Structure formats: structure tokens, C-alpha cells
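Spelled out, the chains give:
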Amino acid sequence: VHEEDNLWEKMRAVLPSPVFYLIEQIGSYGDRECVRVYLVGGLVRDLLLGIPNVDLDVVVEGDGLSFARVLAETFRAKISLHEKFSTATLYLPDGLKVDVATARTEYYEFPAALPVVETGSLKQDLYRRDFTINAMAVGLNQDTRGHLVDFFCGKSDLEQGIIKVLYNLSFVEDPTRIMRGIRFVHRYGFRMEPETKKFALQALEQGLMEKVSFSRLKEEFMLILHEENFALILENLKEMGLWERIFPEWTISEEVIKLLKEIPPTWSWVKEYLAPLDLNLVILLVLCHHCSEMQIRTLNEKFSWSKLYRSALEKISWNKERIFQELATNSLSPSGVFSLIGDLPAEAIVYLILVSDCRQRKVIRNYLEAKKNLFMHISGEDLKCLGVKPGPRMKQLLDRVRKERLDGNLISRADEMTYVKALIQRERGD
Ligand code: CTP
């Protein structure tokens, strides 16, 4: 091991101190328990890139499960054991998470199946991984502390920006690695090594992705949405013909790609008016741009989204034509826009902005501006004093006041009170 390949000081500098301290402790316990212990995977990759990562993946040459139990006791961590895979996850009281695995050789009984696990050495464990850049380890025992273990030229690929599989059947055994690979390409601005790309396309052509369970596909898909360059990743996977294979309900047209790319710049001004927002939901609304109501229902069922997601997707799908027609009419006041979109989730409004033409966009923006500057003087408390019980009717009354305020017809608290009292009286038939 060359001096430059000792990463200990780099770890101290890059990692948050509780993480570094924990790693140091894990190494000491490795010595005490007489097992070889290594840090592997994404953390090592990111460390070499100088990026802090707090996802601890530890590989043990020896009995990983017993070692995990010792660590759990020492750190008072909750432990969840996956005995079939000889792995365990520790959840520490301060929120840190450590995955502990027994160095293993895996084989797959048939393509896209879950692996069958046997114990083996670190080198074999690293070899079964997805890409060279993810197949490096750092020693944690006293005698190898900080030493980079790099059997497959991961460091050099990292320096050259190359995503490369370790063996030809990597995507056959785990086709979701295709999505992972493209995710890394755009996260780090890397490129996929030509042969690796060829293997990926072959696996897709062989229909292997369709064999993966929906829950794993969903998991990988959600990870893409969390990436800064989600639009480029989705576009790249479209070029590879992935989406029609796994989510045929989505038509990812050129228009959809353009809309996806417009999300970040739109996001940056819109969040001033509509925070807090769930970016994932905005992306999903855009992906469903061409979907019929029927397709939305199918997707909702397949993905079993939360109630918020379902309702946003359905509301937009049912109402968007009508909303666009009305937004296109010239005479829409801010209160008119409020009636049209006031009840939609903020993410659906962002979607409407993205899809709007200049004029419609201006109408929505004016409405958002008016709404932002609007300070209602009266509240539910005032209505309670006037004998209105909390519930839908109270909301209706407040909305009526809000609309008049938006259009500038009421100015002061006294104006609002007079108006709402008149409404209540009229409804009571006085
Ligand atoms: N891994 C793999 N094949 C997969 C998933 C994971 O070989 N399909 C290996 C890789 O070595 C990876 C490690 O398991 O580095 C940990 O996986 P995970 O935490 O999912 O990925 P990271 O590489 O840490 O990626 P990210 O930064 O997106 O969390």
C-alpha cells in the first residue's frame, strides 16, 4: 500500500466527526473480536471524490452477524438481522445507520433472482458488486487502518470518470444496476464504458428488466427522482428504451423531457410562493402528462402512492383541460383563478405553470403574487364568535372573504367583518 493510498486522514477531514469516530470504534472492535473489518461501497467512492457520505457499509471477514450483535450492544443500537443474506443493519440512537455484511460469494440461481449467499473472502465480496468504482474497500483494523483495497482499478476508473461493470453477467444477475449505472453517470458527470453499455442494452433486449419485481423497480425509480440531474437520467434511460418496458403507461415524449428540464428553473422562483413543495410529486405529474384517466388509475394502483399523490394525479388528470380553457380566457380575475386552482395541491399548480403558455403563466403568477401579499385580518376565531362552527362552511366563508380581498374589494378588518356578517345573515335568510 502506497502512502497516498492511506485514506485515514482524508476520512478525518471529509467525514462528519461522529461518523469518523464511529468508524474508528468499529475498527477497534474488529481487533478485539479478531475479525478483519472493512468499509466498502459508496462511502469509499465518495471519500475518494472528497464528498461526505454517511451511509456506512461494513464488510467482515468472519462471522458478520456475531460482530454486528457486539456492535449493537456496544452502541446501544437497534439491530435488524437478515440471516438469509448474513447481513445486519444497526440503527444507532443518534440516527446513524450501519450495514454489516459477512464477506460473501453470491450466485444467482436464475437471471434477475435474489442471490444465494455463501461466505467467502473480501476479494470475492467486492467482485460480485456492480461497478469498479463501488468495489473498493478501506481497512479498519489497526494494522491496515485507512488502507485502500482496490483489486479492480476502481480508483483509476473514478479518476477517469468511467462506470464499468466487473463481470459480463452483472446486468443479467441484477438488471436494476442499469438504472444505478445511469444514475452515477449523471450524478458525477461520468460516462459508461462502451462494453458496459453494450451489456446493458443486451440485458434490456433480452427482456430481463421485465423480470424484476415491481417493488424493486419502484425503489430504483424513486432513487432517480432524488438525484439533482433527474431529467438527464430519465432522458438517458428513455434513449435506452427502458421506460416502455417497465412502466408502459408513461409516454416519455420529447415534450415531457423538455418539461422535466424546466422543473428546476421554474422551481427556483415558484418556491417563493408555494413552499414547502414535494419535488417528486411535480416530476410524477409531468411524467403522467400524456396519461389517460384510466392509465392514472392503473399507475396509482401499481405504485400504491400516498393519498396526497393519488389525489393530485387524479385531480389534474380530470380537470386540466377545463382549467386550461378557463385560464386562456382574458378576463380571469385573481379570485377567478382562486376558484379554479385554489384547492389544488401546490405541486399541481407547479405542473400547471410548467405546461402553461406565456399568457396563462402570467395569470397564475399574478394570482400567486396577490395571494402571497394577502394578509387576512379575520380568522376562524372571529367566525366562531359569530356562531359559525368549524367545518366546511367556515372554510367556504373564509374563502369568500379571501376572494374579495384578492380582487381588492375589501381592505380593512372592518370591511371583512361587515362582509362576512352580511353573508351569514343572508344565509340565515334574515
Ligand atoms: N451494490 C451492488 N449492486 C446493487 C446495489 C448495490 O453491487 N444493485 C453494492 C455496491 O457496491 C454499492 C453498495 O452495494 O456501493 C451499497 O449500495 P447502496 O447503498 O445502494 O449504493 P451506494 O453505492 O452507496 O449509492 P448511493 O450513493 O446512491 O447511496
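Residues numbered from 1 in each chain as written. Predicted model: local features only at pLDDT ≥ 70, side-chain atom pairs only at ≥ 80, totals over all residues. Heavy atoms only, no water.

### Considering helix 15 (residues 293–303)
Taken together, the buried positions of helix 15 are Ile296, Leu299, Asn300 and Phe303. Across the axial projection of helix 15, the buried residues extend over an arc of 100°, all falling on one side. Relative to its buried face, helix 15 has exposed residues pointing more than 90 degrees away, namely Met294 and Glu301. Of the surrounding elements, those touching the buried residues of helix 15 are helix 10 (214–225) and helix 16 (307–328). One or two positions beyond helix 15, positive phi appears at serine 304, with a value near 35°. (Buried < 20%, exposed > 50% of the residue type's maximum accessible area, 1.4 Å probe, protein only. Helix = DSSP H or I, 4+ residues; strand = E, 2+ residues; numbered from the N terminus. Arc of directions from axis to C-beta. Contact = heavy atoms within 4.5 Å.)

### A short note on the pattern of salt bridges
Side chains that differ in charge, positive against negative, can pair when their charged atoms come close. Here the structure, examined in full by the defined rule, presents 28 salt bridges. For glutamate 416, the salt bridge goes to arginine 405, with nearest N and O atoms at 2.5 Å. Pair noted here: glutamate 416 is in helix 22 (residues 413–428) and arginine 405 is in helix 21 (residues 392–406), with a separation of 11 residues, a long-range link. Both residues of the pair, glutamate 416 and arginine 405, belong to the buried class. Salt bridges here are not isolated pairs; linked through shared partners, they connect Arg183, Arg187, Glu220 and Glu227. (Salt bridge = Lys/Arg side-chain N within 4 Å of Asp/Glu carboxyl O.)

### Let's talk about the nonpolar core
Ranked by internal contacts, the top residues of the largest apolar core, which has 140 residues, are Met11, Ile26, Phe221, Trp250 and Leu260. For this core, the element with the highest residue contribution is helix 13 (residues 254–274), accounting for 10 residues. Sequence-distant contacts of tryptophan 250, defined by excluding residues within four places in its chain, comprise Phe221, Leu284, Leu287, Cys288, Cys291, Leu299 and Phe303. By size, the runner-up hydrophobic cluster in this structure holds 13 residues, among which are Val40, Leu122, Ala135 and Phe152. (Core = buried A, V, L, I, M, F, W, Y, C linked by side-chain atoms within 4.5 Å.)

### With respect to the sheet that holds strand 2 (residues 56–61)
What the seven strands build is an open sheet, ordered 3-4-5-2-1-8-9; its pairing is mixed. Whereas interior strands pair on both sides, the edge strands pair on one side only; in this sheet they are strand 3 (78–82) and strand 9 (148–149). Pairing of strand 8 (residues 137–139) with strand 9, which is carried by two bridges, proceeds in the antiparallel orientation. Bridge pairing in strand 9 places valine 138 opposite leucine 148. On top of the sheet, helix 2 (residues 17–32) reaches strand 1 (36–40), strand 2 and strand 5 (97–102); it is set at about 10° to strand 2, its chief contact. (Pairing = 2+ DSSP bridges. Axes fitted to C-alpha atoms, helices over the stretch in contact; angles between N-to-C directions.)

### Remarks on the domain arrangement of the protein
For the protein, the assigned domains read domain 1 (1–156), domain 2 (161–246), domain 3 (254–372) and domain 4 (380–428). Distance from the C-alpha centre of domain 3 to the C-alpha centre of domain 4: 28 Å. The interface is formed by nine residues belonging to domain 3 together with six residues belonging to domain 4. The tally of links from domain 3 across to domain 4 stands at one salt bridge. Across the pair aspartate 343 and lysine 395 runs a salt bridge, and its minimum N-O distance is 3.2 Å. The tally of links between domain 3 and domain 4 comes to three residue pairs in polar contact (both at pLDDT 80 or more). The biggest single contributor to the side of domain 3 that touches domain 4 is helix 17 (residues 334–341), with four residues. For the side of domain 3 that touches domain 4, the per-class residue count stands at four nonpolar, three polar and two charged. (Domains from an automatic or database assignment. Polar contact = N/O pair within 3.5 Å; in protein donor to acceptor, adjacent residues only side chain to side chain. Nonpolar A, V, L, I, M, F, W, Y, C, P; charged D, E, K, R; others polar.)

### Considering the packing of aromatic side chains
Inspection of every chain in the model, using the stated rule, returns 23 aromatic pairs. With a centroid separation of 5.6 Å and 45° between ring planes, the pair formed by tyrosine 127 and phenylalanine 152 is classed as tilted. With tyrosine 127 in helix 5 (residues 122–127) and phenylalanine 152 in the loop between strand 9 and helix 6 (154–160), this pair connects stretches of sequence that are 25 residues apart. By relative accessible area, tyrosine 127 is classed as partly exposed at 39%. Residue phenylalanine 152 is classed as buried on the basis of its relative accessible area, which comes to 17%. Relative to phenylalanine 303, the ring of phenylalanine 221 lies with its centre 6.0 Å away and its plane at 55°, an arrangement referred to as tilted. Linking phenylalanine 221 in helix 10 with phenylalanine 303 in helix 15, this pair joins segments that are 82 residues apart in sequence. With respect to class, phenylalanine 221 is no different from phenylalanine 303; both count as buried. These aromatic residues form a ring-pair network of at least three members: Phe214, Phe221, Trp243, Phe247, Trp250, Phe303, Trp305 and Tyr309. It is arginine 32 that lies over the ring of tyrosine 29; its NZ or CZ is 4.4 Å from the centre. (Phe/Tyr/Trp six-rings, centres within 6.5 Å; stacked < 30°, edge-to-face > 60°. Lys NZ or Arg CZ within 6 Å of the ring centre and 35° of its normal.)

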